Amino acid sequence: MTQLAITPRILLSGKITFVERFTPTLQVGKYIARLEQEIDINSSSALVSDASETYSTSQTFYVRGERFALLPEDIKAVFPPDRTEGEHSDVLPHIVLTKKSLPWKWTIENTPQSPDASGSVPTWLAVLVFAANDPPPNPRIRKLSEIQSPEAGVCSYKNLTFQPGETPETPVVTIDIPVDLFRAIAPTAEDLCHLAHARIVEVDKKSTDPENVSGEYSVVIANRLPQSEHTVAHLVCLAGMKDYLPGSGQQIPTGTKFIRLVSLKSWQFIAKEEKADFKDLLEKTVQIDHPNTLLLSSQPISNGTAEDKAIENALKMGYVALNHQSRLGDKTVSWYRGPLIPYGKEKTIALPVPTADALVRYNPETGMFDESYAAAWQLGRLLALQDQEFALALFDWKHNTQIDIIKQAEQDIIDGALGRSLRSINGSSTRVGVGNLLNLLAQANTLFDSTSVAARTTVTQPPQPLPTLNFEDLLSRAKRTSFRTTETNPPTELPEKVKTWLGRLRLLHGVPYPYLVPDERMLPPETLRFFQVDLDWINCLTDGAFSIGRSTQGNLEQDRSLLGYFQESAAIAAYQERFWRLKRPIPRAASPSNVVSGFLLHSAVVSHYPGLEVEGFDTEETGNVPSLKLLRFERIAPNVMLCLFNGLVKQVRIHQPPEGLHFGVDVPDSEHSNYTKLLRSLDEDTLGESIPGKRVDVPFRTGNKQVVDIQELASRIKKEFTLPNFTSAELALEMVDGVQQVSFFNK
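Undergrad: Honestly, the overall build of the protein in this entry has me stumped. Any pointers?
TA: Tallying secondary structure elements over the protein gives 17 helices and 31 strands in all. When each of the 747 residues of the protein is scored for burial, the buried share is 48%. Per element, the accessible surface of the protein, about 37,200 Å² overall, is 51% carbon and sulfur.

Undergrad: Please explain the packing of aromatic side chains as it appears in this structure.
TA: What characterises a pair of aromatic rings is the spacing of the ring centres plus the angle enclosed by the ring planes. Counted under the stated rule, the structure contains eleven aromatic pairs. Centre to centre, the rings of Tyr319 and Trp335 are 6.2 Å apart; their planes meet at 65°, and the pair counts as edge-to-face. In this pair, Tyr319 is assigned in the loop between α5 (306-316) and β17 (320-325) and Trp335 in strand β18 (residues 331-336), connecting sequence segments 16 residues apart. For the residue pair Tyr319 and Trp335, the accessibility class agrees, reading buried in each case. In this structure, Lys629 is placed above the aromatic ring of Phe579, and the distance from its NZ or CZ to the ring centre is 4.5 Å. The ring of Phe617 has Arg653 lying over it, and the distance from NZ or CZ to the ring centre is 4.1 Å.

Undergrad: Even after reading the chapter, I still don't get the packing of helix α6 (residues 372-386) against helix α13 (residues 535-546), so can you show me in this structure?
TA: The angle between the axes and the distance between the axes are what describe a pair of packed helices. Between α6 and α13, the least distance of the axes is 6 Å, while the angle of their chain directions is 40°. As for the relative orientation of α6 and α13, their crossing is right-handed in sense. Every residue of α13 that contacts α6 at Ser372, Tyr373, Ala376, Trp377, Leu379, Gly380, Arg381 and Ala384 is listed here: Asp536, Trp537, Cys540, Leu541, Asp543, Gly544 and Ala545. In terms of residue class, the contact of α6 with α13 is made up of nine nonpolar, three polar and three charged.

Undergrad: It is not clear to me how the pairing of strand β5 (residues 75-79) should be interpreted in this structure. Could you clarify?
TA: Both faces of the sheet carry side chains from a regular strand, because those side chains alternate between them. Of all the five residues making up β5, five are buried; the element is thus mostly covered by neighbouring parts of the structure. Alignment of β5 against strand β8 (residues 94-97), held across four bridges, turns out to be antiparallel. Each bridged residue has a counterpart across the sheet, and for Ala77 the counterpart in β8 is Val96.

Undergrad: What is the right way to look at the environment of Val219 in this model?
TA: Along the chain, Val219 turns up in strand β14 (residues 216-221). The spatial distance from the C-alpha of Val219 to the C-alpha of Leu661 is 9.7 Å, given a sequence separation of 442 residues. Residues within four places of Val219 in sequence aside, it is in contact with His94, Ile95, Val96, Leu195, Ala196, His197, Arg199 and Glu659.

Undergrad: Honestly, the sheet that holds β14 in this entry has me stumped. Any pointers?
TA: Adjacent strands of a sheet form backbone hydrogen bonds with each other and so pair up, either parallel or antiparallel. Across the sheet, five strands lie side by side as β2-β13-β14-β8-β5; this open sheet has antiparallel pairing. In this open sheet, the two edge strands, each paired with only one partner strand, are β2 (16-19) and β5. If you compare each strand with its neighbour and ignore which way they point, the axes differ by 25° on average. When strand β13 (residues 196-201) meets β14, the two strands line up antiparallel, connected through five bridges. In the sheet register, Ile200 faces β14, and the bridge partner there is Glu216. Strands in contact with helix α17 (residues 728-735) are β2 and β13; relative to β2, the strand with the most contacts, it is inclined by about 135°.

Undergrad: Can you help me understand the sheet that holds strand β22 (residues 527-533) in this one?
TA: Across the sheet, which stays open at both edges, the five strands sit in the order β19-β22-β23-β26-β25 with antiparallel pairing between neighbours. Looking at the sheet topology across the chains shown, the edges are occupied by β19 (340-341) and β25 (629-637). Bridging between β19 and β22 involves two bridges; their strand directions are antiparallel. Residue Ile341 lies in a different strand from β22, and its bridge partner there is Gln532. On the sheet, helix α14 (residues 553-581) packs against β25 and β26 (640-646) and is oriented at approximately 75° with respect to β25.

Undergrad: Quick question: what am I supposed to make of the nonpolar core here?
TA: Side chains of nonpolar character tend, in soluble globular proteins, to be buried together. One finds Ile95, Val127, Leu261 and Ile717 to be the most contacted residues of the largest nonpolar core, which totals 88 residues. When near neighbours in sequence (up to four residues on either side) are disregarded, Val127 contacts Pro93, Ile95, Val220, Ile221, Ala222, Asn223, Ala233, His234, Leu235 and Trp267. Judged by nonpolar contacts, the second largest core, of 64 residues, contains Leu296, Leu340, Leu507 and Val517.

Undergrad: Got a minute to help me understand the side chain of Arg199 in this structure?
TA: One can find Arg199 in strand β13. With relative accessibility at 0%, the residue Arg199 sits in the buried group. Side chain to side chain, Arg199 and His197 meet in a polar contact 2.8 Å long.

Undergrad: Any chance you could explain the pattern of salt bridges here in plain terms?
TA: A side chain with one charge can pair with a side chain of the opposite charge if their charged atoms come near. A complete count under the given rule lists 33 salt bridges for this structure. For the salt bridge of Lys398 with Asp559, the shortest nitrogen-to-oxygen distance reads 3.0 Å. Of this pair, Lys398 sits in helix α7 (residues 388-426) while Asp559 sits in helix α14, placing them 161 residues apart in sequence. Using a relative accessible area of 1% as the deciding quantity, one classes Asp559 as buried.

Undergrad: Would you mind going over the packing of helix α16 (residues 710-719) against α17 with me for this structure?
TA: With their axes 11 Å apart at the nearest point, α16 and α17 run at an angle of 80° to one another. The orientation of α16 relative to α17 falls into the category roughly perpendicular. Contacts between α16 and α17 pair Ile710, Leu713, Ala714 and Ile717 from the former with Leu731, Glu734 and Met735 from the latter. Class assignment of the residues belonging to the contact of α16 with α17 gives a composition of six nonpolar, no polar and one charged.

Cut-off values and rules
- Residues numbered from 1 in each chain as written.
- Predicted model: local features only at pLDDT ≥ 70, side-chain atom pairs only at ≥ 80, totals over all residues.
- Heavy atoms only, no water.
- Helix = DSSP H or I, 4+ residues; strand = E, 2+ residues; numbered from the N terminus.
- Buried < 20%, exposed > 50% of the residue type's maximum accessible area, 1.4 Å probe, protein only.
- Areas by Shrake-Rupley, 256 points an atom, 1.4 Å probe, with all protein chains shown as cover.
- Phe/Tyr/Trp six-rings, centres within 6.5 Å; stacked < 30°, edge-to-face > 60°.
- Lys NZ or Arg CZ within 6 Å of the ring centre and 35° of its normal.
- Axes fitted to C-alpha atoms, helices over the stretch in contact; angles between N-to-C directions.
- Left-handed = near helix turned anticlockwise from the far one by under 90°.
- Contact = heavy atoms within 4.5 Å.
- Nonpolar A, V, L, I, M, F, W, Y, C, P; charged D, E, K, R; others polar.
- Pairing = 2+ DSSP bridges.
- Core = buried A, V, L, I, M, F, W, Y, C linked by side-chain atoms within 4.5 Å.
- Polar contact = N/O pair within 3.5 Å; in protein donor to acceptor, adjacent residues only side chain to side chain.
- Salt bridge = Lys/Arg side-chain N within 4 Å of Asp/Glu carboxyl O.
- Parallel < 35°, antiparallel > 145°, perpendicular 65-115°, else oblique.

As structure tokens, then:
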């Protein structure tokens with residue numbers, strides 16, 4: 001059974017830092033890098049005269065700045081999420097960008113932003129919100145030439161010039177906004193100084209998806225509350241639009257009907273009273289009538305046959321019945337269970353095996369095969385063969401190790417038969433190898449020649465007979481040689497490529513989804529399922545990969561002696577893999593656990609809230625307790641998240657991504673007739689904590705468009721604090737709502 005606990009919105013202390021802006025290190029434009037080297041020759045010889053020579057070279061490059069198009073990977077998230085429904089009427093939509101300095105690459109005068117810019121710097125990006133009755137403009141693809149020289153009645157970017165990579169034929173997405181509507185909803189230049197900021201967040205609890213690696217993001221916020229059910233938001237370029245913005249004091253040319261802007265990103269959502277936010281989506285995953293572990297639900301069978309009871313028991317153990325066609329063409333039904341099982345089990349499978357068939361289990365009572373471990377072994381072998389670089393590296397390591405074992409067996413034979421005699425001749429306690437055997441025999445012959453006949457006749461022990469060395473004996477001795485891992489005789493180190501690949505394999509990277517969830521009914525939409533990892537399944541998977549080059553009984557014996565070291569190296573690499581991905585130091589005392597557990601989450605919250613954070617605990621206590629080490633936390637399908645912990649997880653806490661914290665206001669109620677905002681402390685000791693009773697009214701522009709006067713709002717909040725400067729970072733801290741946290745308990 002899974003229990004659920006909801007934590008009110010909180011700011012995670014120490015987890016997020018608000019920054020006013022990140023200005024680009026290099027300004028957009030053309031650069032010439034020039035390198036000079038001066039050589040001076042000062043000679044004291046009369047034959048060489050003093051000289052001085054200068055050599056130089058140069059390279060021209062151009063720093064481009066995104067202006068009319070963004071790549072999909074430039075956008076981390078939008079809020080409200082695209083095509084969602086929820087109570088969004090009290091939030092200012094925003095967009096999170098993966099490039100931390102993007103909102104400050106250009107100016108609203110359409111010039112590159114200087115890295116030395118100081119004071120309040122307006123962003124060239126804006127999120128415009130359109131209500132259903134505006135109505136929203138229709139996006140249309142046009143050429144840049146239609147922006148540079150628009151038709152009559154349309155104004156666009158003034159004095160537009162192209163940068164490298166842009167031509168008059170370059171296609172862009174545009175929207176035409178009626179002049180009156182643009183003047184009513186567009187931000188002023190002063191507003192733009194507060195509508196973009198940067199956020200730095202910790203990534204230790206995030207998934208290792210590419211967009212979560214840096215932890216530094218920029219955020220652009222709208223200035224208008226959603227006013228109707230159907231709402232559309234556009235991220236637009238305002239570079240070069242300064243004179244057309246509200247409050248600019250400039251007149252738009254007579255006869256202008258539309259303002260044409262480039263839309264870099266658009267999304268839509270429905271604002272309604274029925275809630276469907278982060279908390280509500282996760283609440284749906286707890287269903288009383290469904291299991292909380294990864295298995296097919298079944299109804300108990302009363303008075304069933306022995307076969308019925310066996311089937312019921314197999315389903316409770318996480319098995320599914322799948323159609324199975326043998327290599328001989330016979331069709332049957334066999335049991336299969338993946339690595340994610342509903343309970344813990346001891347390791348019982350003896351490895352290595354020569355083929356996958358050795359892992360097939362047959363139940364004579366039901367007449368059915370269990371193909372689980374055989375499928376894992378075969379999959380590991382196929383994945384290894386698919387990666388040519390890994391396969392060659394592993395084969396070379398095994399081949400070189402085999403040579404070392406044979407040399408060791410050869411050395412043991414020599415030591416056993418000749419070692420004592422030859423060492424007495426050599427006067428050394430070192431082992432005697434084949435390479436110096438002839439030299440030692442030569443020394444023995446010299447000693448024999450220099451010894452008197454009388455001395456020779458005093459020898460009381462007869463000479464030892466020479467051993468017969470043949471290839472069969474050598475191979476037999478090599479097979480019987482155990483693989484020793486002492487400091488005096490360490491194994492050949494596995495290549496890093498092999499270790500890394502194996503570590504990822506043990507964390508189920510590359511394993512197809514149907515191997516993990518063999519029946520979609522085990523993980524239906526809006527569900528969370530706990531599991532434990534079957535380490536026998538994982539070991540069969542890695543043994544399949546290890547089987548490359550295993551073609552003879554001798555190879556099998558060698559692999560048996562190497563398997564312990566091989567599996568241990570893979571387990572350590574799996575434990576360290578997330579440290580490497582996040583570029584974190586590896587704790588010395590840390591070690592892999594004998595228990596690996598986790599959960600699968602199939603929910604819209606995975607796609608709607610990229611950057612989710614998760615913590616796992618081996619206790620049901622809700623206080624500040626140590627968390628389990630995260631081994632893997634990654635999106636494996638658009639709406640499916642896989643999480644693995646080092647240990648047995650009993651409690652999981654899922655947080656909203658702090659970089660996606662949205663700007664919210666408090667709607668009118670019985671105590672407040674206007675929209676208000678409860679303020680947060682800016683003192684160092686209580687930073688971010690709500691101040692009871694300290695509120696400001698949210699000012700709106702004239703008209704009924706629900707457009708917030710951002711500059712006036714910032715001024716009102718500043719008056720409540722004694723600060724020399726009140727930037728976009730301080731405004732962000734005051735306006736964000738806290739993150740929601742949902743806790744799941746694995747009962």
